[in-house]
Amino acid sequence: MAMYFSMYWHFIIMAMLVMIFSGVIGFRFPRFPFYIVLIASGVIGYVYSVLTNLEELFFVFIIANVYMSIVPIVLIEWAVYMRKKADEIEMHMSLVQK
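Residues numbered from 1 in each chain as written. Predicted model: local features only at pLDDT ≥ 70, side-chain atom pairs only at ≥ 80, totals over all residues. Heavy atoms only, no water.

Describing the side chain of Ser49
Here's step 1: With respect to the helices and strands, the residue Ser49 is situated in helix α3 (residues 34–51).
Here's step 2: A distance of 2.6 Å separates a polar side-chain atom of Ser49 from the backbone oxygen of Tyr46.
Here's step 3: Setting aside residues up to four positions removed in sequence, Ser49 forms contacts with Leu54, Glu55, Phe58 and Phe61. (Helix = DSSP H or I, 4+ residues; strand = E, 2+ residues; numbered from the N terminus. Polar contact = N/O pair within 3.5 Å; in protein donor to acceptor, adjacent residues only side chain to side chain. Contact = heavy atoms within 4.5 Å.)

Shown next as structure tokens:
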């Protein structure tokens, strides 16, 4: 059991790095097409399966990476939308109070 955790801890690191990468791209470049980030994270999952000699599980790694990449993208898009709505409400409230 200890060998399993010591051998595949890098999968968790890879998932965290993919989340950080897609979050930074989504935050710094909001107009950057998100599907390119998803494709890149899928390619990283495939490369990971080849590097760890688990080619039969490539689909699982691709799906996991794409999912881990979608989460920060959706959260950042939601935050940008909420900020825009808050600004609209604030502007509307300032007009109503005048």
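Having put the structure on the table, let's press on.
Thoughts on the pattern of salt bridges
Here's step 1: A complete count under the given rule lists 1 salt bridge for this structure.
Here's step 2: Residue Glu88 pairs with Lys85 through a salt bridge whose shortest N-O separation is 3.5 Å. Here Glu88 and its partner Lys85 are both found in helix α4 (residues 58–97), 3 residues apart, which amounts to about one turn of the helix.
Here's step 3: Residue classification places Glu88 among the partly exposed residues on the basis of a relative accessible area of 38%. (Salt bridge = Lys/Arg side-chain N within 4 Å of Asp/Glu carboxyl O. Buried < 20%, exposed > 50% of the residue type's maximum accessible area, 1.4 Å probe, protein only.)

Structural notes on the packing of aromatic side chains
Here's step 1: The full count for this structure, using the stated rule, is 5 aromatic pairs.
Here's step 2: Where Phe11 meets Tyr48, the ring centres are 5.9 Å apart and the plane angle is 50°; that geometry is what we call tilted. Placement of Phe11 in helix α2 (residues 9–28) and of Tyr48 in helix α3 is noted, with a sequence separation of 37 residues between them.
Here's step 3: On the basis of relative accessible area, Phe11 is assigned to the partly exposed category, the value being 25%.
Here's step 4: Residue Tyr48 is classed as buried on the basis of its relative accessible area of 8%.
Here's step 5: Between Tyr46 and Phe58 the ring centres are 5.9 Å apart and the planes differ by 85°, which places this aromatic pair in the edge-to-face class. One end of the pair, Tyr46, is in helix α3; the other, Phe58, is in helix α4, with 12 residues separating them in the sequence. (Phe/Tyr/Trp six-rings, centres within 6.5 Å; stacked < 30°, edge-to-face > 60°.)

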